[in-house]
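Commentary on secondary and tertiary structure
Residues per chain, in single letters:
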Amino acid sequence: MATTTLPTFLRDRRERVHPTTTARRRTPGLRREEVAARAGVSVTWYTWLEQGRGGVPSDDVLERLARALELDEANREMLFLLAHNRPPPRKPAPSAAVTPSLQLVLDNLSIPAFVKTPTSQIVAWNRAAVAVLGDYAAVPERDRNLLRRVFQPGSENKVHHVEDVRRTCLASFRVDIARAGQSDEATALIDELMETSPDFRRLWDEGEIRSHDGFQKRIVRPEVGEIVLKSSVFYVEGSGGLSMFVFSPANEASARAIAQLVQRSGT
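On a predicted model such as this, the values are computed, not experimentally measured, just so you know. (Residues numbered from 1 in each chain as written. Predicted model: local features only at pLDDT ≥ 70, side-chain atom pairs only at ≥ 80, totals over all residues. Heavy atoms only, no water.)

Let's talk about the sheet that holds strand β4 (residues 225–235)
The condition is simple: Strand pairing follows a simple DSSP-based rule, namely that at least 2 bridges must link the two strands. Helix and strand definitions follow DSSP, with helices as H or I runs of at least four residues and strands as E runs of at least two, each counted in order from the N terminus. To obtain an axis, a line is fitted to C-alpha atoms, over the contacting stretch when the element is a helix, and the angle between two such axes runs from 0 to 180 degrees between their N-to-C directions.
The strand order across the open sheet formed by five strands is β2-β1-β5-β4-β3, and the pairing between neighbours is antiparallel. Each of the sheet's edge strands pairs with one partner strand only, and the pair in question is β2 (122–125) and β3 (216–221). Ignoring which end each strand starts from, the neighbouring axes of this sheet average 30 degrees apart. Sheet topology note: the strand β1 (residues 113–116)/β2 ladder contains three bridges and is antiparallel.

Written as structure tokens, this is what we have:
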């Protein structure tokens, strides 16, 4: 099987684009001059590029070629890999929205789960999360942010093993914003916590990076005692960077405690 190269990729994708004109053509797809016009480059240079002698295109030119050839994200990434041997620069993710189908997944889980944005904003949750972790609807939207919650003054008196929780939340936050692209919202949140929390500044300077997956969370509820939860993280494809956190009981006692709290909540 022949190896895909930048020239063969460009020719193949050009031939797949349906021209807007209705005139009959001898060959499928766009002509080279049409791609060049769409991308704002010279016909000669684009012809050379398809022949493997046009030099290495800049990021800006590759982005224009991607639009000219109507490439989706997977093909845009392939274009950059073939031209530069690396993926394209990350674009800030669009505003994330929880779809009805995603909310349905949450609602059908009998254990605590919520959905958050790349900036750690909790945007959806289920009945078990309310019963075990707290009612997010009862607090202002601004306070539904994981980072704000764990770095707010006094959180060390409310959160068990607060140092480890803070490290994990911040380390995974770095991964999330790297995936989604640095947004104005992420920058504002970092600036805010750098100013208000000495512990955030200290841990931010350490630069630790790791996933939230597999993290153990301990909660003590007077009605049922200690609950030990183990987190699993699932990234929601095509959602603008949303991830779903599911908290599974780490032992039978925790499973019974969750069931009791959910039953008592009556919601």
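Side note on helix α5 (residues 73–84)
Note the threshold: Here the expected length of a helix is defined as 1.5 Å per residue gap, with one fewer gap than residues. Each residue's exposure class comes from its accessible area (1.4 Å probe, protein chains only) as a fraction of the maximum for that residue type: buried when under 20%, exposed when over 50%, partly exposed otherwise. When we speak of the arc, we mean the arc of directions from the helix axis to the C-beta atoms. Contacts were defined at the residue level, with two residues in contact if any of their heavy atoms lie within 4.5 Å. Here a polar contact is recorded for every N or O atom pair within 3.5 Å, except that within protein the pair must consist of a potential hydrogen donor and a potential acceptor, and residues adjacent in sequence are included only if both atoms are side-chain atoms.
Between its terminal C-alpha atoms α5 stretches 16 Å, which fits the 16 Å expected from 12 residues at 1.5 Å a residue. Regarding α5, the residues found buried are Asn75, Arg76, Leu79, Phe80 and Ala83. Looking down the long axis of α5, one finds its buried residues gathered within 145 degrees of arc, a one-sided arrangement. Where the residues of α5 are buried, they touch α1 (6–16) and α4 (59–68). For α5, the N-terminal capping position is held by aspartate 72, with its side-chain oxygen 3.3 Å away from the main-chain nitrogen of alanine 74. Directly beyond the C-terminal end of α5, a positive phi value near 60 degrees is found at asparagine 85.

A short note on the nonpolar core
The line we're drawing: Grouping buried Ala, Val, Leu, Ile, Met, Phe, Trp, Tyr and Cys residues that are joined through side-chain atoms within 4.5 Å yields what is termed a nonpolar core.
Within the largest apolar cluster, 22 residues are counted, with the highest numbers of intra-cluster contacts made by Leu10, Val35, Val41, Tyr46, Leu49, Leu65 and Leu79. Contributing elements (two or more residues each) for this core: α1, α2 (32–39), α3 (43–50), α4 and α5. Residue contributions to this core peak at five residues, all from α4. In this view, valine 41 contacts Ala36, Tyr46, Val61 and Arg64; residues no more than four positions away in its chain are not counted. Among the nonpolar cores identified, the runner-up in size contains 20 residues, and Val132, Leu229, Ile258 and Leu261 belong to it.

A look at the pairing of β4
For β3 and β4, the ladder comprises six bridges, and the chain directions are antiparallel. Directly across from arginine 221, in β4, lies its bridge partner glycine 225. Joining the antiparallel neighbours β3 and β4 is a turn of three residues.

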